[in-house]
Structure formats: C-alpha cells, structure tokens
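Observations on the model geometry
Spelled out from the first residue to the last, the chains are:
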Amino acid sequence: LFAIFAFATCGGYSGGLRLSVDCANKSESDLSIDIAFAYPFRLHQVNFDAPTCEGKRREKLSLIGDFSSSAEFFVTIAVFAFLYSLAATVVYIFFQNKYRENNRGPLIDFIVTVVFSFLWLVSSSAWAKGLSDVKIATDPDEVLLLMSACKQQSNKCLPVRSPVMSSLNTSVVFGFLNFILWAGNIWFVFKETGWHSSGQRHAPDTMEKQSSSYNQGGYNQDSYGPAGGYNQPGSYGQVGEYGQSQSYGQSGPTSFANQI
C-alpha cells in the first residue's frame, strides 16, 4: 500500500500555472497564459506562447529544466517494491514450505529487503531534491522573467495561479515512509534466516561445555569417599603396654575391660 501511494502521487501528477501580461497597448495584452506540465517533468519540452507587446507578434518560450531522471527513478523503485511485496505475500501464504527449504528463501528475502531499503533512501532523497527544483522552475515569478515583455516597465506581468504541489509533497513523504518501513523489516527478515537463533544457541552450548569440564576436574565428590581413614569404624587403634594392638571400635566397653 505504501508503494502504491508513492508512485501514484508522483506518476499520476499533472498541474499548471497561469500568467497575465498586460501590455501598454491593451489590444496586445494576454491576461490568461496557461502553462501545463506533468510527470515525468521534462520541463524543457513544455512550450507556451507569450505576447511581446510589440504589435501582434508573439514569442515561443519553454520552461527550464529536465527532472525526469529523479522522478522516473523514484517511480520505478516504487513499482518494483510493490511487485516484490505482492510476490512475497503470495509465497508467505501459499508456499511457506518452499520458502523455508534449505533456508534459501529467507536469505534471498533478507538480501532483497536490504537492497530495497537502500534504494528507497536514495530515490526518495533524489526525488526530494528534484521536486525542489521543479518548484523553482515552475514558480510563476521565475517564468515571468523569461518573457521579453516583462522586462519593460510599461508592461505589467502578474502571476494568476500557481501550481498545486501537495500530491508531489505527499509522494516524498511516502518515499521516506517506505524507507522506514523496509529498513525496520530487515530485523524481522533477519530472524527468519535462522542466524539470530543460532547465535542464541551458541552461548548456552559454550556454558554447558565449561560446566562439564569443571565437573570432570579434581573437585569431585567421590574424592571424600570411604577410602579416608576417618570413615571406617574401629579405626582408632592403640598399641598396648605389651605391644598388642588395641582397638576402640565396635567392641564396646566389655572387650576393653577384658583386654585390660
């Protein structure tokens, strides 16, 4: 939808301006000089007739400038973005398995999204500059300077109607909105590639390896096992007066008295 609004407001534009030349000799005046122009804004091809205020002779003039390159570039990007969005929508809905097969679909989608984001930025910036030049070239005051009759103080040259540029201003706004939309979509397409999830799995795997290596080290619970000398009953032995080993183990006080 944003792409449609972008190329429709620019590619479908047509406008015009009206000038008035009031000569000293009223019969030579022309109070309604209409100049029409439209997309792709090859203004140097827009011709119009103006009175010279020197008898019935009229001069043929044209506007100045050719701004078709930036305008056509902008519209072309908008049309291709619309077509790709339409095709991608069909793939998302009806060919989801093919899209995820071998991760090829998300990877292509990610690259195309990055490219379109860059192209939207470039084309919108170029068209914004082109539109500024179009406004200057079609300014009635600037166009009046092209007429020889307006260089004479005895003649009165006035702008009657200026061109309406609101739709062209809207096209520039939609151009930058498309850039924001596509640039923001890079993150979501990046998540579809699987690179984001693989990066998250890498950290827990590393921690598991570190913990397993720690458990296999010298700090093992079995190192304090039954092999220790203080865990077995009757381990407190004592050598008696006659060299016989005496034990204070499980035998109790009776065995101790008999040994004495």
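Just above sits the structure.
Below you will find a few notes about this structure. Note that the coordinates shown come from a computational prediction; the quantities given were computed from them, not determined experimentally.

Some details on the packing of aromatic side chains
According to the stated counting rule, one finds 14 aromatic pairs in the structure shown. Both rings, one in Phe74 and one in Trp120, keep their centres 6.0 Å apart while their planes meet at 75 degrees; by these two values the pair is edge-to-face. On the criterion of sequence distance, the pair formed by Phe74 in helix H2 (residues 68-94) and Trp120 in helix H4 (residues 104-137) is long-range, its members being 46 residues apart. Phe74 gets classed as buried once you look at its relative accessible area, which sits at 0%. Classification of Trp120 as buried rests on a relative accessible area of 0%. Ring centres of Tyr84 and Trp182 lie 6.3 Å apart, and the angle between their planes is 40 degrees; on these two criteria the pair is classed as tilted. Taken as a pair, Tyr84 in helix H2 and Trp182 in helix H6 (residues 166-192) lie far apart in primary sequence, 98 residues in all. Counting every residue linked through ring pairs, the aromatic cluster contains Tyr13, Phe37, Tyr39, Phe41, Phe74, Trp120 and Trp127.

Things to note about helix H1 (residues 2-11)
Within H1 the residues assigned to the buried category are Ala3, Ala6, Thr9 and Cys10. Along the axis of H1, the buried residues cluster in a sector spanning 150 degrees; they form a single face.

Observations regarding the side chain of Asn155
Tracing the backbone shows Asn155 in the loop between helix H5 (140-144) and strand S5 (156-161). There is a polar contact of 3.0 Å between the side chain of Asn155 and the backbone nitrogen of Ala24. Once residues within four sequence positions are removed from consideration, Asn155 is found in contact with Asp22, Cys23, Ala24, Cys53 and Ala149.

What to know about the nonpolar core
Counting residues in hydrophobic clusters, the biggest one holds 42 residues, and the most contacted among them are Ile35, Phe37, Phe41, Phe48, Trp120, Trp127 and Met147. Of all the elements in the fold, those that place two or more residues in this core are H1, strand S1 (14-22), strand S2 (30-38), strand S3 (47-51), H2, H4, H5 and H6. Contact partners of Phe41, with chain neighbours within four places excluded, come to Tyr13, Gly65, Asp66, Phe67, Ser68, Ala71, Trp127, Val134 and Leu168.

Remarks on unusual backbone geometry
With an omega of 15 degrees, the peptide bond between Tyr39 and Pro40 qualifies as cis. Mapped onto the secondary structure, Pro40 falls in the loop between S2 and S3. One non-glycine residue with positive phi stands out, namely Phe41, at about 65 degrees. Residue class for Phe41 comes out buried when judged on its relative accessible area of 0%. A positive phi angle is found at Cys53, which is not glycine, with a value near 60 degrees. Topologically, Cys53 is positioned in the loop between S3 and strand S4 (58-62). Given a relative accessible area of 13%, Cys53 falls into the buried group.

Focus: the packing of H2 against H6
The geometry of H2 relative to H6 is characterised by a closest axis approach of 12 Å and an angle of 45 degrees between their N-to-C directions. With respect to H6, the axis of H2 lies oblique. For the pair H2 and H6, the crossing hand works out as left-handed. Residue-level contacts link Phe74, Ala81, Tyr84 and Ser85 of H2 to Ser171, Gly175 and Trp182 of H6. Considered class by class, the residues forming the contact of H2 with H6 number four nonpolar, three polar and no charged.

Let's talk about the sheet that holds S2
The strand order across the open sheet built from three strands is S2-S1-S5, with neighbouring strands paired in antiparallel fashion. The two strands at the open ends of the sheet, each matched to only one other strand, are S2 and S5. Looking at each pair of strands side by side, their axes are set apart by 25 degrees on average, direction ignored. Where S1 lies against S5, five bridges are found, and the strand directions are antiparallel. The residue bridging Ser20 from the neighbouring strand is Leu158, located in S5.

Cut-offs applied
- Residues numbered from 1 in each chain as written.
- Predicted model: local features only at pLDDT ≥ 70, side-chain atom pairs only at ≥ 80, totals over all residues.
- Heavy atoms only, no water.
- Phe/Tyr/Trp six-rings, centres within 6.5 Å; stacked < 30°, edge-to-face > 60°.
- Helix = DSSP H or I, 4+ residues; strand = E, 2+ residues; numbered from the N terminus.
- Buried < 20%, exposed > 50% of the residue type's maximum accessible area, 1.4 Å probe, protein only.
- Arc of directions from axis to C-beta.
- Polar contact = N/O pair within 3.5 Å; in protein donor to acceptor, adjacent residues only side chain to side chain.
- Contact = heavy atoms within 4.5 Å.
- Core = buried A, V, L, I, M, F, W, Y, C linked by side-chain atoms within 4.5 Å.
- Axes fitted to C-alpha atoms, helices over the stretch in contact; angles between N-to-C directions.
- Parallel < 35°, antiparallel > 145°, perpendicular 65-115°, else oblique.
- Left-handed = near helix turned anticlockwise from the far one by under 90°.
- Nonpolar A, V, L, I, M, F, W, Y, C, P; charged D, E, K, R; others polar.
- Pairing = 2+ DSSP bridges.

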